[in-house]
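Remarks on the overall topology
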Amino acid sequence: MFIEPSLAGGRRGWIEVICGSMFSGKTEELIRRLKRARIANLKVEIFKPVIDTRYDIQHIVSHDESRINSTPLENSQQILLLAQDVDVVGIDEAQFFDGELPQVCDQLALRGIRVIVAGLDMDYLGKPFGQMPFLLAKADYITKLHAICVKCGNIANYSYRKSADKHTVLLGETDLYEPRCRHCYYEE
Ligand SMILES: Nc1ncnc2c1ncn2[C@@H]1O[C@H](COP(=O)(O)OP(=O)(O)O)[C@@H](O)[C@H]1O
Ligand SMILES: Cc1cn([C@H]2C[C@H](O)[C@@H](COP(=O)(O)O)O2)c(=O)[nH]c1=O
Ligand SMILES: [Zn+2]
């Protein structure tokens, strides 16, 4: 389990990345960290890309229905304007944001903000997704989570797409995707 670095003394501001396949618990872990920050009386702002309308337009919602309010954004530069005077910034579905997101996160961290980013490390083809590889390179702390393979019960790293749609971005849940381990993913 991720334990927050001490906030006492020293220079603050860092980037945490939570990654993994679909259903691995990224959103739950993001919500857990953000709720704890609020319990610590820190000022928290939460963002997601506007295209993520899967469960709710405004809220970040996990597959298990835990939720937290957020601000949907068209582009990552808006975070710099909206994250004034905050201690912690949470960002979900980072793979859908534009190419500016890594340097936006850098700037936030330099302002002394704790930045917590959650996103899919790989798309349905098993390729690095959007800005996630760059965020992983810049992160101070990385948490890779795993789902359970629906075929064999082992640890799952991959998000297998059940439809023939070839667009990289295709919103969905169990209707379109299932988490699979390496072996079950490549067997198909
Ligand atoms: N195959 C699976 N492996 C693990 N968790 C699953 C699976 N199918 C459904 N879940 C549910 O998904 C939850 C995680 O949801 P969520 O945090 O939204 O994941 P992510 O954001 O990584 O897609 C788990 O707590 C569990 O209840
Ligand atoms: C693999 C993959 C996923 N997506 C979409 C499907 C979901 O709407 C989100 C991922 O949500 P989660 O919180 O990680 O479960 O991304 C996509 O558009 N393209 C893909 O290749
Ligand atoms: Zn498997």
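Everything below is about the structure shown above.
Treat the numbers as computed from the prediction; the structure is a model and nothing was measured. (Residues numbered from 1 in each chain as written. Chains lettered and ligands numbered in written order. Predicted model: local features only at pLDDT ≥ 70, side-chain atom pairs only at ≥ 80, totals over all residues. Heavy atoms only, no water.)

Each helix and strand counted, the chain has five helices and twelve strands in total. Relative to the 2.2 N^0.38 estimate, which gives 16 Å for 188 residues, the radius of gyration of the chain is 16 Å and therefore close to what a compact globule would have. Over its C-alpha atoms, taken along the principal directions, the chain stretches across nearly 50 × 30 × 30 Å. Split into buried and exposed, the 188 residues of the chain put 49% on the buried side. (Helix = DSSP H or I, 4+ residues; strand = E, 2+ residues; numbered from the N terminus. Rg over C-alpha atoms; globule rule 2.2 N^0.38 Å. Buried < 20%, exposed > 50% of the residue type's maximum accessible area, 1.4 Å probe, protein only.)

Before going further, it helps to spend a moment on the coordination of the zinc ion (ligand 3). The zinc ion (ligand 3) binds to the protein through C149 (SG), C152 (SG), C181 (SG) and C184 (SG), with metal-donor distances spanning 2.3 to 2.4 Å. One way to put it: the four donor atoms around the zinc ion (ligand 3) meet at angles of 102 to 120 degrees, and that makes the site tetrahedral. Sequence spacing of the donors to the zinc ion (ligand 3): C-x2-C-x28-C-x2-C. With C149 in the loop between β9 (147-148) and β10 (155-156) and C181 in the loop between β12 (177-180) and α5 (182-187), this pair connects stretches of sequence that are 32 residues apart. Here C149 matches C181 in class, with each residue buried. (Donors = N, O, S within 2.8 Å, 3.2 Å for Na, K, Ca; no water. Tetrahedral: all angles 85-135°; square planar, octahedral: opposite > 155°, others 65-115°.)

Further remarks concern helix α3 (residues 101-110). Every buried residue of α3 is accounted for by L101, P102, V104, C105, L108 and A109. The buried residues of α3 occupy an angular sector of 160 degrees when the element is viewed end-on, so they sit on one face. Turning to α3, the residues buried within the fold contact β1 (14-20), α2 (77-82), β6 (88-91), β7 (114-120) and α4 (132-138). Just downstream of α3 lies G112, where phi reads positive at about 95 degrees. (Arc of directions from axis to C-beta. Contact = heavy atoms within 4.5 Å.)

Our next topic: the site of ligand 2. Surveying the vicinity of ligand 2 reveals 20 residues, the closest of which are K26, H63, Y124, T168 and L170. Between ligand 2 and R54 there is a distance of 3.3 Å, counted from an oxygen atom to a side-chain nitrogen or oxygen. Separating a nitrogen atom of ligand 2 from a backbone N or O atom of T168 is a distance of 2.6 Å. Contact with the protein chains covers 99% of the free accessible surface of ligand 2, which is 490 Å². Of the residues belonging to the shell around ligand 2, the class tally is nine nonpolar, six polar and five charged. (Near = heavy atom within 4 Å. Polar contact = N/O pair within 3.5 Å; in protein donor to acceptor, adjacent residues only side chain to side chain. Areas by Shrake-Rupley, 256 points an atom, 1.4 Å probe, with all protein chains shown as cover. Nonpolar A, V, L, I, M, F, W, Y, C, P; charged D, E, K, R; others polar.)

Turning to the nonpolar core, a few remarks are in order. If you look at the biggest cluster of nonpolar residues, it comprises 24 residues, and the most contacted ones within it are I79, V89, I91, L108 and V117. Going through the elements one at a time, β1, α2, β6, α3, β7 and α4 are the ones with two or more residues in this core. Excluding residues that lie within four positions of it along the chain, V89 makes contacts with E45, F47, I79, A83, L108, I113, R114, V115 and I116. Counting residues in each nonpolar core, the second largest holds 14 residues, with L34, A37, I60 and A118 among its members. (Core = buried A, V, L, I, M, F, W, Y, C linked by side-chain atoms within 4.5 Å.)

By themselves, these figures tell us nothing about what the structure is for.
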